[in-house]
Structures are given as structure tokens and as C-alpha cells.
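Residue strings, one per chain:
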Amino acid sequence: MNISDHINAQRAYFNSQITKPISFRKAALIQLKKAIEKYEPDIEKALWDDLKKSKFESYITETGFVLTELNRTLKKLKNWSSPKRVKTPLFLFGSKSHIQYEPYGISLILSPWNYPFQLLFAPLIGAVAAGNCVILKPSPASPHTTAVSKKIIKEAFDPRHVILIEANSRETDLLLQQRYDYIFYTGGVEYGKRVMEAASKPVTLELGGKSPCIIDKDANIDIAARRIVWGKFLNCGQTCVAPDYIFAHQDIKDELILKLKEEIIRQYGKDPQKSPDYPRIIHSGRFYNLMLLLKQGKIEAGGKYDEKDLYIAPTVISGITPENRIMNEEIFGPILPVMTFNERETVIDYINSQEKPLALYYFGKNKKNIREILEKTSSGGVCINDVVTHLANPDLPFGGVGHSGIGRYHGIDSFYTFSHTKSVLSTTTHINPGIKFAPYAGKLSILKRFMK
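Residues numbered from 1 in each chain as written. Predicted model: local features only at pLDDT ≥ 70, side-chain atom pairs only at ≥ 80, totals over all residues. Heavy atoms only, no water.

1. Concerning the side chain of Asp-244
The cut-off we apply is this: Helix and strand labels come from DSSP, where a helix needs a run of H or I of at least four residues and a strand needs a run of E of at least two; each type is numbered from the N terminus. Polar contact is the term for a pair of N or O atoms within 3.5 Å; when the atoms are in protein, one must be able to donate a hydrogen and the other to accept it, and sequence-neighboring residues count only if both atoms are side-chain atoms. Any two residues whose heavy atoms approach within 4.5 Å are treated as being in contact.
Its location among the elements puts Asp-244 in the loop between helix H9 (221-233) and strand S9 (245-249). A polar side-chain atom of Asp-244 sits 2.3 Å from a polar atom in the side chain of Lys-210. If near-sequence neighbours (up to four positions away) are discounted, Asp-244 is found in contact with Gly-209, Lys-210, Ser-211, Lys-232, Glu-329, Glu-330, Ile-331, Phe-332, Ile-335, Leu-336 and Pro-337.

If you want it as C-alpha cells, here you go:
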């Protein structure tokens with residue numbers, strides 16, 4: 001069966017109205033949960049084989065994240081999907097208004113390799129909860145996770161409801177030429193542009209960018225270093241919201257670099273290559289690109305690598321300026337440049353001169369300074385005195401702005417993303433106010449009073 005046949009089968013299934021009852025959606029999500037729990041050891045092994053992720057990291061960032069999202073959706077779905085009454089203005093006397101949520105239809109979800117389980121299944125949960133049929137297309141760069149994901153999808157869903165299709169880059173281009181009702185893409189900016197061009201329908205783009213991390217002179221340096229090392233080198237730096245570069249106040253730069261060195265040793269040991277908790281680069285193409293970036297600036301920590309093992313040590317570099325190549329592309333690896341500043345306004349001006357980042361991180365204690373950063377910069381999300389963890393709150397929407405993405409999801413926002421918000425106005429037939437009907441002579445002054 002080719003892709004057109006799959007889409008036609010799903011459209012017929014969707015048009016049969018079978019996916020719309022809340023009972024059907026919840027039953028499908030329960031089946032998905034059972035399949036994930038059944039294959040949890042296989043998921044762990046696949047993530048190790050693809051990215052050398054530890055069991056702990058696999059659970060906290062992939063399997064556990066998805067199960068938490070599933071449980072919350074099952075608990076809240078009835079409330080989320082209920083029609084919501086809204087006010088009706090006086091000049092529409094005799095009418096009632098409400099918002100009703102309905103599925104778009106056939107959704108295409110394109111997921112990347114860096115979190116190959118989470119970023120495939122988290123949007124799927126929202127799409128199924130909203131009542132859609134779904135075609136999943138994972139990245140070919142994480143084949144082991146794709147294989148176990150395919151087993152889970154086959155076990156949990158009728159293929160007319162949800163199906164996983166493997167495709168290379170050329171086949172994905174052909175996939176995008178088909179007719180869908182919604183496209184959800186997570187990945188790089190360049191391919192995101194191609195998705196946007198192909199999508200003459202609603203679309204969510206979860207992209208990336210250079211997420212800055214500002215360390216002010218009043219920051220707790222010990223805490224900042226510990227949290228930055230964790231968030232930056234999680235998944236070997238291959239995280240779209242990882243701190244991409246640091247702006248450290250000149251007064252604390254040397255102390256910060258020292259603490260970052262100490263934290264790398266604390267978390268990964270003196271030889272991180274031997275650490276069971278430190279992942280690897282996904283493939284040789286990414287490895288060689290990162291090696292070019294290692295040639296810039298002064299290496300303060302790390303810098304070691306092993307081509308055969310796809311290993312690059314957690315690395316901190318200084319002596320970087322905005323003109324360096326490393327500051328003109330998303331790093332997406334375990335290399336952390338440190339630049340300095342004296343005035344916050346300089347940092348704000350620099351950030352605002354660049355494309356809007358997916359995340360922004362600020363370490364400092366002064367509430368006025370925190371407010372200034374929040375009010376004068378724009379980013380998809382912000383953490384104050386932490387990094388990355390805003391993704392873990394299901395009540396916070398996750399998404400980019402401008403160059404870093406379009407749309408948002410997680411929790412209720414996943415349900416909203418995959419739902420069309422339909423406006424409904426119901427008018428009584430017991431009365432029929434004549435003010436809106438022609439002839440209009442003498443009615444305008446009355447209408448103005450009502451509409452004010």
C-alpha cells in the first residue's frame with residue numbers, strides 16, 4: 001500500500017466519525033500506554049543503541065516524559081474537550097455562544113532523531129486526544145528507536161487510525177506533497193522552511209536556534225554551573241533548548257569557568273568517555289561538523305574526542321566573539337562558548353539583533369534585572385536560575401517564536417494545537433428583533449447605543 005492509499009484509508013476512517021467520541025480517544029490512549037509500558041525495556045535499549053543514553057536519562061527525557069503526558073491527558077481530556085460557553089453581546093440579544101473543539105482530520109507528524117521517542121509520541125498524544133487520524137514519520141538517523149516505535153504503534157492502533165511510515169529525505173519530500181489537514185514538524189530550521197512551503201494548511205514548527213544563557217554578577221555561581229553543565233551536556237548537547245552560549249559578567253567569568261570545570265568532573269568524572277551517563281553524537285556527519293567548531297577560541301575544559309566512538313568531551317571554550325562561526329549557527333553538541341559583558345543592555349541589544357531563540361536563561365537575584373530581561377527580550381520560553389526544566393511543567397506551553405518556531409504544545413496546548421476551535425452561535429426563533437433588517441432608516445442611533 002503506498003502513501004496515497006494509507007491517507008485515503010485514514011480519511012475514510014475519519015469520515016466515519018469513529019475517532020470523535022471521547023470514549024474512543026481515551027480507549028486508544030490507554031492502549032498506547034499499555035504498549036509503551038510493555039516495550040519499556042526495548043525503548044531503553046534502542047535509545048542506548050542510537051544515542052548511548054543511560055536508563056535514567058532515557059526515562060526522564062523520553063519514556064517517563066511521554067507517560068506523564070499520557071496520564072495527564074487521560075485525566076483531563078473530558079474537561080478539555082467540553083464545549084466552552086462565552087459571553088454574547090447585548091446587540092445579539094436572543095443568542096447564545098460557545099466554542100466547540102473538533103479534530104482537523106489527517107495529521108502528519110515529522111519527528112527528529114535527538115529525542116526520537118519523546119518527540120514522536122508527545123505530539124501523537126495530542127493528535128489522538130483531539131480525535132485525529134495520524135501518520136508518523138520518524139527520523140532515519142535513529143533506526144533502533146524507530147523499530148520499537150513501529151511495534152508500539154502496530155500494537156496500539158488500527159493503521160486506519162495511526163500508522164508509522166519510514167522514509168528517507170527524498171521520500172519525505174514526496175510525503176509532504178500529499179494532502180493533510182495538519183502538519184506538525186520538529187527539527188532543523190532549514191527543513192522547517194521546506195515544510196512551511198509545502199504546507200497550505202495549519203502547521204506547527206518546533207525548530208531551534210541559539211538559546212543564550214546570561215550569568216549576572218550577583219548569580220549563585222555554584223548553582224549556575226551545576227545546572228548549566230546538566231542542561232548543556234544532557235544528550236551530549238543535542239537538545240534544541242540546550243544553552244547554546246553563555247554571556248558571563250566580566251566580574252565572575254573566571255570563577256564561572258572554574259566552577260564549570262569542577263561540575264563536569266563532578267557529573268561525568270575525570271574521563272567522561274568512561275561515564276555511563278554521557279551519551280554520544282548521533283552520527284559521523286554531526287561529529288565532523290562539531291569538530292570544525294572545536295578549532296575556535298581557547299579550550300578551557302574538555303576538547304578531547306574519539307572519532308570511532310563518536311565521542312566529544314564536554315567542552316567549554318573562551319575567547320569567542322560574535323563574529324566566530326560558532327556564534328552564527330546552532331551548535332547542537334557538547335561545546336559551550338563563554339563570552340563576557342559589563343552592561344546588561346549590551347547583552348540585550350545583542351540578543352535582539354539575532355533571530356529569536358527557542359529559550360533564554362538568566363541567572364541572577366535582582367528582581368528588577370530579571371524583569372528587565374523578561375520585558376526587553378523575546379524567546380519561546382524562559383528559565384530564571386535554571387535551564388531546560390521549563391519543558392517539564394505540563395501547564396507551560398512549549399514552542400518557539402519567529403525563527404525558532406510556530407505554535408505550541410504540551411498538556412492542554414497539545415489538545416488545542418490539534419483541534420480546530422469552532423465558534424458556534426445559536427439564536428432563538430421565539431423572538432426576531434428587527435433592528436438588523438432593512439430598511440435601516442432611524443435605526444443607527446439605537447444600534448450605536450447597543451454596540452457601545
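Next comes the rest of the account.
2. What about a nonpolar patch on the surface?
The condition that has to hold: Patch building starts from residues that exceed 30% relative accessible area and form no salt bridge, then joins like charges within 9 Å and nonpolar side chains (Val, Leu, Ile, Met, Phe, Trp, Tyr) within 5 Å. All accessible areas in this document rest on Shrake-Rupley with a 1.4 Å probe, and a residue is counted as covered only by the protein chains that are shown. By convention in these notes, a salt bridge is any Lys or Arg side-chain nitrogen within 4 Å of a carboxyl oxygen on Asp or Glu. Relative accessible area decides the class of each residue, using a 1.4 Å probe on protein chains only: under 20% of the type maximum gives buried, over 50% gives exposed, and in between gives partly exposed.
A surface patch of nonpolar side chains, about 980 Å² in accessible area, is lined by Leu-90, Phe-91, Leu-92, Phe-93, Leu-425, Ile-431, Leu-444, Ile-446, Leu-447, Phe-450 and Met-451. With five residues, helix H15 (residues 444-451) is the single largest residue contributor to the nonpolar patch. Tracing the chain through its elements places Ile-446 in helix H15. Of the residues examined, Ile-446 reaches a relative accessible area of 32% and is grouped as partly exposed.

3. Brief notes about the pattern of salt bridges
Under the definition given, this model contains 26 salt bridges. Between Lys-53 and Glu-62 there is a salt bridge, and its shortest N-O distance comes to 2.5 Å. With respect to burial, Lys-53 and Glu-62 carry one shared label: buried. Where Asp-271 meets Lys-274, a salt bridge forms, and the shortest distance between an N and an O atom there is 4.0 Å. With relative accessibility at 69%, the residue Lys-274 sits in the exposed group.

4. Quick word on the pairing of strand S13 (residues 315-318)
Residues in a regular strand point their side chains to alternate faces of the sheet. Which entries qualify depends on this criterion: Criterion used throughout: strands pair if DSSP finds at least two bridges between them.
Residues Thr-315 and Ile-317 point to one face of S13 and Val-316 and Ser-318 to the other, with burial holding for every one of them. Here strand S10 (residues 298-301) runs beside S13; their pairing, made up of three bridges, is antiparallel. If you follow Ala-301 over to S13, its bridge partner there is Val-316.

5. Brief notes about the side chain of Glu-300
Take Glu-300: it is sitting in strand S10. When residues no more than four places from it in sequence are discounted, the contact partners of Glu-300 are Ile-257, Lys-261, Val-316, Ile-317 and Ser-318.

6. Focus on the packing of helix H3 (residues 40-51) against helix H4 (residues 55-81)
Quick note on the threshold: Each axis is a line fitted through C-alpha atoms, and for a helix only the stretch in contact is used; angles between axes span 0 to 180 degrees, taken between their N-to-C directions. These descriptions rest on fixed angle ranges, namely under 35 degrees for roughly parallel, over 145 for roughly antiparallel, 65 to 115 for roughly perpendicular, and the rest for oblique. It is the rotation of the near helix from the far one that decides the hand of a crossing: anticlockwise by less than a right angle makes it left-handed, clockwise makes it right-handed. The residue classification treats Ala, Val, Leu, Ile, Met, Phe, Trp, Tyr, Cys and Pro as nonpolar and Asp, Glu, Lys and Arg as charged. All others, Gly included, are polar.
Between H3 and H4, whose axes approach to 10 Å, the crossing angle comes to 130°. For the element pair H3 / H4, the angle class is oblique. You can see that H3 and H4 cross each other, and the crossing is right-handed. Contacts between H3 and H4 involve Glu-40, Ile-43, Glu-44 and Leu-47 from the former and Lys-55, Ser-58, Tyr-59, Glu-62, Thr-63 and Leu-67 from the latter. Among the residues forming the contact of H3 with H4, the class breakdown is four nonpolar, two polar and four charged.

7. Let's talk about the packing of aromatic side chains
Selection criterion: The criterion for an aromatic pair is that two Phe, Tyr or Trp rings (for Trp, the six-membered ring) have centres within 6.5 Å, with stacked assigned to planes under 30 degrees apart, edge-to-face to planes over 60 apart and tilted to the rest.
Counted under the stated rule, the structure contains 20 aromatic pairs. Measuring from centroid to centroid gives 4.9 Å for Phe-184 and Tyr-409, while their planes differ by 75°, and the two rings are edge-to-face. Of this pair, Phe-184 sits in strand S6 (residues 182-186) while Tyr-409 is found in the loop between strand S17 (405-406) and helix H14 (412-417), placing the two residues 225 residues apart along the sequence. Exposure class is identical for Phe-184 and Tyr-409. Each is buried. With 5.9 Å between their ring centres and 40° between their planes, Tyr-185 and Tyr-191 make a pair best called tilted. In this pair, the class of Tyr-185 matches that of Tyr-191, namely buried.

8. Structural notes on the sheet that holds strand S7 (residues 203-206)
For sheets, the rule is that strands pair by backbone hydrogen bonds, running either parallel or antiparallel. Here six strands make up an open sheet; going across it, the order is S5-S4-S3-S6-S7-S17 and the pairing mixed. What marks the edges here is a single partner per strand, and that holds for strand S5 (162-164) and S17. As paired elements, strand S3 (residues 106-110) and S6 share four bridges and run parallel to each other. Note on S6: the bridge partner recorded for Ser-107 is Tyr-182. Across the sheet, helix H5 (residues 118-129) is in contact with S3, strand S4 (133-137), S5 and S6; its angle to S4 comes to roughly 170°. Helix-sheet contacts for helix H7 (residues 169-176) involve S3, S4 and S6, and the interaxial angle to S3 is about 155°.

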